[in-house]
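Chains, contacts and geometry: an overview
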Amino acid sequence: MSGPEIERLIKLLARLPGLGPRSARRAALTLIKKRADLLAPLRSALTDVADTIRTCGVCGNFDTQDPCAICADPGRDASVLCVVQDVADLWAMERAGAFRGRYHVLGGVLSALDGVGPEDLCLEALVARASEAAVVEVILALGATVDGQTTAHYIANRLQAADVSISGLAHGVPMGGELDYLDEGTILAAMRARRPV
Amino acid sequence: MDWTDEAIVLSTRRHGETSAIATILTREHGRHVGLVRGGAGRVGRAVLQPGNRVHARWWARLEDQLGTLNCELARAEAAGLLVDARRLTCLAAACAVAAMALPEREPCPAVYHGFTGLLDSLAGTDDGTAGAYVRWEMALLAELGYGLDLDHCAVTGRNNDLAYVSPRTGRAVCASAGEPYRDKLLRLPRFLLTGETPMPQEVVAGLTMTGYFLTRHVLTIMPSARIRLAEILAGGA
């Protein structure tokens, strides 16, 4: 139907999350039709990112500088560390704008069946960071899943020696959530985490 | 091929962007695996947390196919345990051991009913959950053909003063007959004979005993959640 270069582009696009073969073909066609407006800037942006992207040596975030912009920002509260599973979670926290401290990306959660153990996570660096005198609180912002909370308990245990307070995110009713539509697990967690009004 | 059954979710593996391959322990069909469409989505993930009880429907064109699973939540057991490190690790250990030890598609109702009993114990407030876990592992070993014989002493035939278990035969040994070999024998915790609520050190001894036979006969490696459970209980002993 088309040349090998275009087929290669379609195959690569189809490997991106959210895109299948048909949607990748549509995306490729849009790029080709809007060469000046989309294809050239996209190529330039991809090249720039590929040349400059780095993993932050302090927190594990992706950025074009090391330390990343968050770690290098003097306006950030260095006394609070927020532990997240993945960079996507860090970006979600930043989108919410609810946290002005610093982050630590674990790179996964403990999983018995997937064979993910403590040695596979960025834990030693977290223990070292939490032991710094400036840090007074560690927030464990991990998923409300069995693996996520098992990891949270494990980290809390590991950080016992560090002189920091350890907290976790609340579990319960989401914004705009109506009880009628919530699953039983969420209602149970919300009921257990109820607070005085 | 089409059946419905009560089940407990043991594990889930993401498959593609929105689906998941779930391993469940059913009441009548044993450990079963199937593709859950939408299982990796926001709603599906909450249903497929390990330990949750579900109403499962499995269907496939041929019996030896992976098949499709549809799981409807019956009781969200995992959500109630997320804040309790010990109970959560206990749940994770039981799910991991069952997922790795049980043969696929072999009915094992005793293990299923033992598991539901363990879940009830975990959801309760009593102190006997760790003991219930040790008893469940013993039932699992028995179901797999490696049951321990704790009724009589293998040497004297006596049924009192039992204190050890032979690592070779899995049979109980009384204190007097086992004393010269105490370094080679496994300690038999008393709560397994009396049914009383165990002390923490007795639970650790029980886990050591069942762990020995699990790794010897059933598992090639011990799941990390089970190792962590032993560490947590040993820390509190």
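Refer to the structure presented above.
The paragraphs below set out a description of the structure included in this document. Note that this is a predicted model, so its numbers are computed, not measured.

1. Brief notes about the overall build of chain A
Broken down by element type, chain A carries eight helices and six strands. Taken over the C-alpha trace, chain A has a radius of gyration of 21 Å; the compact-globule value for 197 residues is 16 Å, which it surpasses by more than 25%. Its C-alpha atoms give chain A principal-axis dimensions of roughly 60 × 45 × 35 Å. With 197 residues in all, chain A has 33% of them scored as buried. Contacts spanning at least 24 positions in sequence make up 46% of the contacts within chain A whose residues lie at least 6 apart. Carbon and sulfur atoms make up 57% of the accessible area of chain A, which totals about 12,200 Å². Taken as two groups, the 20 positive and 24 negative side-chain charges of chain A have centres that lie 10 Å from each other.

2. A closer look at the pattern of salt bridges
Residue and element names in this part refer to chain B. Taken as a whole and judged by the stated rule, the model has 16 salt bridges over all chains. Salt-bridge contacts for Arg158 lead to Asp161; the nearest nitrogen and oxygen are separated by 3.8 Å. With a closest N to O distance of 3.1 Å, Arg182 and Glu179 form a salt bridge. On the accessibility criterion, Glu179 (37% relative accessible area) is partly exposed.

3. Digging into the pairing of strand β4 (residues 53-59) of chain B
All names here are of chain B. Both strand β1 (residues 2-15) and β4 contribute to a ladder of seven bridges, which runs antiparallel. Counted as the bridge partner of Thr4 is Arg57 from β4. Strand direction decides the pairing type here: β4 and strand β5 (residues 68-75), joined by seven bridges, are antiparallel. For Arg53, the partnering residue across the bridge sits in β5 and is Arg75.

4. Comments concerning the side chain of A:Ser79
Residue and element names in this part refer to chain A. As for its placement among the helices and strands, Ser79 is situated in strand β3 (residues 77-84). Using a relative accessible area of 18% as the deciding quantity, one classes Ser79 as buried. The contacts of Ser79, once residues within four sequence positions are left out, are Ala134, Val135, Val136 and Glu137.

Parameters at a glance
Residues numbered from 1 in each chain as written. Chains lettered and ligands numbered in written order. Predicted model: local features only at pLDDT ≥ 70, side-chain atom pairs only at ≥ 80, totals over all residues. Heavy atoms only, no water. Helix = DSSP H or I, 4+ residues; strand = E, 2+ residues; numbered from the N terminus. Rg over C-alpha atoms; globule rule 2.2 N^0.38 Å. Buried < 20%, exposed > 50% of the residue type's maximum accessible area, 1.4 Å probe, protein only. Contact = heavy atoms within 4.5 Å. Areas by Shrake-Rupley, 256 points an atom, 1.4 Å probe, with all protein chains shown as cover. Lys, Arg positive; Asp, Glu negative; His and termini not counted. Charge placed at Lys NZ, Arg CZ, Asp CG, Glu CD. Salt bridge = Lys/Arg side-chain N within 4 Å of Asp/Glu carboxyl O. Pairing = 2+ DSSP bridges.

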